[in-house]
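So the chains spell out like this:
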Amino acid sequence: MISSAQPEPVTLEIIRTGTRLSSVPLVPEIRLHQADEPMGLWQRTELATGRTGLDPPFWAFAWAGGQALARYLLDHPEAVRGRRAIDIASGSGLVAIAAAKAGATAVTAYDIDPLAAAAIAANAGINSVAVRAVCADVLNEESPPPPGTDLVLVADAFYERDLANRVMRFLERGRAHGAAVLVGDFGRAYLPRKRLAPLAAYDVPGLIALEGTDIKRTTVWALPERQRAVPDDSPPQIPGTEDG
Ligand SMILES: C[S@@+](CC[C@H](N)C(=O)[O-])C[C@H]1O[C@@H](n2cnc3c(N)ncnc32)[C@H](O)[C@@H]1O
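What counts as what
- Residues numbered from 1 in each chain as written.
- Predicted model: local features only at pLDDT ≥ 70, side-chain atom pairs only at ≥ 80, totals over all residues.
- Heavy atoms only, no water.
- Core = buried A, V, L, I, M, F, W, Y, C linked by side-chain atoms within 4.5 Å.
- Buried < 20%, exposed > 50% of the residue type's maximum accessible area, 1.4 Å probe, protein only.
- Helix = DSSP H or I, 4+ residues; strand = E, 2+ residues; numbered from the N terminus.
- Contact = heavy atoms within 4.5 Å.
- 1 Å grid on protein atoms, 1.4 Å probe; cavity = no way out; pocket = protein on both sides within 12 Å on 5 of 7 lines; lining within 4 Å.
- Points joined across faces, edges and corners; volume = space filled by probe spheres on them.
- Nonpolar A, V, L, I, M, F, W, Y, C, P; charged D, E, K, R; others polar.
- Near = heavy atom within 4 Å.
- Polar contact = N/O pair within 3.5 Å; in protein donor to acceptor, adjacent residues only side chain to side chain.
- Areas by Shrake-Rupley, 256 points an atom, 1.4 Å probe, with all protein chains shown as cover.
- Pairing = 2+ DSSP bridges.
- Salt bridge = Lys/Arg side-chain N within 4 Å of Asp/Glu carboxyl O.

Asker: Got a minute to help me understand the nonpolar core in this structure?
Answerer: Inside soluble globular proteins, nonpolar side chains tend to come together where they are buried. Of all hydrophobic cores here, the largest spans 43 residues; its most connected members are I30, L73, V131, L153 and L182. When residues of this core are traced back to their parent elements, those giving at least two are β2 (27-34), α3 (64-75), α4 (94-101), β4 (106-111), α5 (114-126), β6 (151-155), β8 (197-204) and β9 (216-222). Leaving out residues up to four positions away in the same chain, L73 has contacts with V80, V95, A98, A99, A102, L153 and L182. I88, V152, V154 and F158 belong to the second-largest nonpolar core, a separate cluster that totals 24 residues.

Below, the structure written as structure tokens:
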């Protein structure tokens, strides 16, 4: 399903009454609808919608990876300026909003949770930037990111094995089509560290309700291009003897 339709009134009501507008600890120039703790809001959401088995309200928090990546984009606008960016597993839209603030030409934020899509739109409005919020599972498609995408962003999405594998395959497809890829993650269980190159690290504060510890050292990673395989019949490279 792909949807950027108007959210239901109950969705807007949950966002408005279940959160408060506050600055993001590591990125104080961005304000978001944030909750103090997840359980209460999760219960309220199930009650208000009459549905059970909903995902936790990830969208109501600025996760460590998102804070670090947003900080990086604002401090390194050259990484994003003039680019068409997408933010997958966007949650609150924090990374997408930072990309738009840092000068991206266009930003689309994807999340599978309709509440997240509504929160992204509301949060983008509060921060006076244009972000297209789309409720879709882009990871399921075996296709590359939308044509014209030259920057793929993802933060805090390596917390489940299946999701992590699908995210990584999507990032690889984006990289193979020429897009730069940036990841924010403190080292969750399924982060494919060996495939990533660290760019910067931040002590992200304000995480006690989510992580049980106030500060998490969190890294921003790039996905380098895959090394091309050396054909079997090519001569071995001896260090220091390359041309030039
Ligand atoms: C831990 S939150 C991270 C949110 C945000 N990137 C941040 O760092 O603050 C993970 C998000 O991934 C979303 N998600 C999970 N599976 C997804 C999928 N297949 N496609 C898009 N988003 C997905 C969840 O709904 C949730 O909002």
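Asker: When you look at the layout of surface pockets in this model, what are you seeing that I'm missing?
Answerer: As a volume, the largest pocket reaches approximately 660 Å³. In terms of lining, the largest pocket is formed by 36 residues, of which the most central are F58, A89, S90, D111 and Y159. The leading source of residues in the lining of the largest pocket is helix α6 (residues 161-176), at three residues. The class makeup of the residues in the lining of the largest pocket is 21 nonpolar, five polar and ten charged.

Asker: Even after reading the chapter, I still don't get the site of the ligand, so can you show me in this structure?
Answerer: With respect to spatial proximity, 16 residues lie near the ligand, and among them G66, A89, D111, D137 and A155 are the closest. Note that an oxygen atom of the ligand is positioned 3.1 Å from one of the backbone N or O atoms of W63. Contact distances for the ligand include 2.8 Å between a nitrogen atom and a backbone N or O atom of A89. Bound to the protein, the ligand loses 97% of the 600 Å² it would expose on its own.

Asker: Hey, could you run me through the pairing of β2 in this one?
Answerer: The two faces of the sheet receive side chains in turn, since in a regular strand these alternate between them. Here strand β1 (residues 20-24) pairs with β2 via five bridges, running antiparallel. Counted as the bridge partner of V24 is V27 from β2. The antiparallel hairpin formed by β1 and β2 contains two residues in its connecting segment.

Asker: Please clarify how the pattern of salt bridges should be interpreted in this entry.
Answerer: Opposite charge on two side chains makes pairing possible when the charged atoms of those side chains draw close. Across all of its chains, the model carries twelve salt bridges by this definition. Between R71 and D75 there is a salt bridge, with the nearest N and O atoms lying 3.0 Å from each other. Here D75 and R71 lie together in helix α3, a separation of four residues that amounts to about one turn. Its relative accessible area of 43% is what places D75 among the partly exposed residues. Residue R166 pairs with D162 through a salt bridge whose shortest N-O separation is 3.4 Å. With R166 and D162 both in helix α6 and four residues apart, the pair spans about one turn of that helix. On the accessibility criterion, R166 (15% relative accessible area) is buried. Put simply, E29, R71 and D75 are held in one network by salt bridges that share partners.

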